[in-house]
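Analysis of the macromolecular model
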Amino acid sequence: MKDVHKKRVCIIHKGETCDPRSFYKQAKSLKKAGYDITVVGLFKEDFIKDDINLVGFESSHNRIKRIFVTNYRIFRRALKNKADIYHFHDLDYIPWAILLKLFTRSKVIYDIHEAYPEYMLIKTYIPKLLRKIFYYIVYLAEHASIPFFDAIIPNDNYVATDFNHKNNVTIFNFPTLDFFAGDKMMAEIPWESRTFDLFYHGSLPRYHIETMMRIAERLNAELTRNLWGLVTSDTDTVDWAGGELKNRGLEANFRFLPYIDYLSVPTYLKDARIGIIPLPPYQKFMKNIPLKMFEFMGCGLPVVLSDLPPSRQFIQGRKCAFAVKPDNIAEYAGAIMYLLNNPEKAIEMGENGRSLVLERYNWDSEERKLIQLYRILTKNGVVGGMEKKCA
């Protein structure tokens, strides 16, 4: 039986697994703070995890069906939840979130994961001639809908500046401390015994793997060992990369590893020497911060990544990473060779990064901002100077 004194929260995020942000961070933090939480997603079935109710809906490979049929079913289920706060995470759910606001007296929060208009410019399923049109459609849709929502939560401060809303609260996607805790990090593998020279996990579009292959070719030409460990759920990219690696003679350099649960990722990271994030200088990446940077740092890996403003603000002068010119293969290879040839320096940089994450760049600070936002919304609805106090 539900506790009538608890505020009900319905988190809507159309992922097929428990998401690092919406479940492991937000849902668990809100549950701990005393809220009654339901998470709605594209799970195979309804289930309970960590005392949180998860409601599943069937996914579809048909994008149009997902936007209309699946979203309608989720909308009907969300109405039945009778939540005090609806917290949604998907761009294509905006029209349905507006309906939730109009059909209920509840608060509605839009959690903005990406620089979505800029994201349209690199979506491969959109014909190139139409991408600019989609950019403007998404831009107008987001900005026209924002007044319907009681708060917006951008993941990134560069995205937050695009929106004018009285309750615009940046909540960085820093990792939880339990990501680094427990048996996963107990057995530290010595540097010289680690399997992978370079490691990457998460979304893996073709432009990433293409850059990685070019770096590997440069390192091979320099007679520098480079074994890459890659973890991704992007099966289409993996299938394409298999043939491309064979054509380039790079099969021995890359190993695709089984996709695993978020909290299990450190079991891979502790067996790697360097974390790499080869972001191209696209407009999207001028606004979005890569979460994996903090995960690498927290696991004690030095990072080699593109020198872009969102990441730079966290690592500049911290001696934990090499930020190189995007798409400059020579600079990437040079930074990697330096770290592989100077393990003492690499270990020192990794420790610097670990300290930063364990002491500062972790979910604890963002959890406080999230809980304060919720308490204010359920009280009077206006955040005011909250972000300044919690930053």
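Just so we're clear, the structure is a prediction, and the values are computed from it rather than from any experiment. (Residues numbered from 1 in each chain as written. Predicted model: local features only at pLDDT ≥ 70, side-chain atom pairs only at ≥ 80, totals over all residues. Heavy atoms only, no water.)

Helix and strand counts for the chain come out as 15 helices and 13 strands. Overall size of the chain, expressed as C-alpha extent along the three principal axes, is 65 × 45 × 40 Å. For the chain, the proportion of contacts with a sequence separation of at least 24, taken over those separated by at least 6, is 70%. Accessible surface, the chain as shown: approximately 18,100 Å² in total, 52% of it carbon and sulfur. Distance between charge centres in the chain, computed from 55 positive and 46 negative side chains, equals 6 Å. (Helix = DSSP H or I, 4+ residues; strand = E, 2+ residues; numbered from the N terminus. Contact = heavy atoms within 4.5 Å. Areas by Shrake-Rupley, 256 points an atom, 1.4 Å probe, with all protein chains shown as cover. Lys, Arg positive; Asp, Glu negative; His and termini not counted. Charge placed at Lys NZ, Arg CZ, Asp CG, Glu CD.)

This part is about unusual backbone geometry. Negative phi is the rule for most residues except glycine; trans is the rule for most peptide bonds. Not every positive phi belongs to a glycine, and Lys319 is a case in point at roughly 55°. Along the chain, Lys319 falls in the loop between helix 11 (309-315) and strand 13 (321-324). Taking the relative accessible area as the measure of exposure, Lys319 reaches 61% and is therefore exposed. Phi angles above zero are rare outside glycine, and Asp327 is one such case at about 70°. (Buried < 20%, exposed > 50% of the residue type's maximum accessible area, 1.4 Å probe, protein only.)

Once that is clear, we can look at the side chain of Asp90. With respect to the helices and strands, the residue Asp90 is situated in the loop between strand 5 (85-88) and helix 3 (94-103). Lys14 provides the closest opposite charge to the buried, salt-bridge-free Asp90, at an N-O distance of 5.4 Å. (Salt bridge = Lys/Arg side-chain N within 4 Å of Asp/Glu carboxyl O.)

This next bit is on the state of the cysteines. Here is the idea: a disulfide is a covalent bond, and it sits between the sulfur atoms of two cysteines. For the structure shown, the criterion picks out zero disulfides. As a non-bridged cysteine, Cys10 has Cys18 as the owner of its nearest cysteine sulfur, 15 Å distant. (Disulfide = S-S within 2.5 Å.)

The first and last C-alpha atoms of helix 5 (residues 128-145) sit 26 Å apart over 18 residues, in line with the 26 Å expected at 1.5 Å per residue. Residues Arg131, Tyr135, Val138, Glu142 and Ser145 constitute the buried set of helix 5. Of the surrounding elements, those touching the buried residues of helix 5 are helix 3, strand 6 (107-112) and helix 4 (116-120). (Expected span 1.5 Å × (residues − 1).)

The next subject is empty space enclosed by the protein. Throughout the structure, instances matching the rule amount to one cavity of 30 Å³ or more. One number sums up the size of the largest cavity: a volume of about 40 Å³. Contributing to the lining of the largest cavity are His13, Gly15, Thr17, Cys18, Asp19, Ser22, Phe23, Val39 and Phe43. Its residues assigned to classes, the lining of the largest cavity shows four nonpolar, four polar and one charged. (1 Å grid on protein atoms, 1.4 Å probe; cavity = no way out; pocket = protein on both sides within 12 Å on 5 of 7 lines; lining within 4 Å. Points joined across faces, edges and corners; volume = space filled by probe spheres on them. Nonpolar A, V, L, I, M, F, W, Y, C, P; charged D, E, K, R; others polar.)

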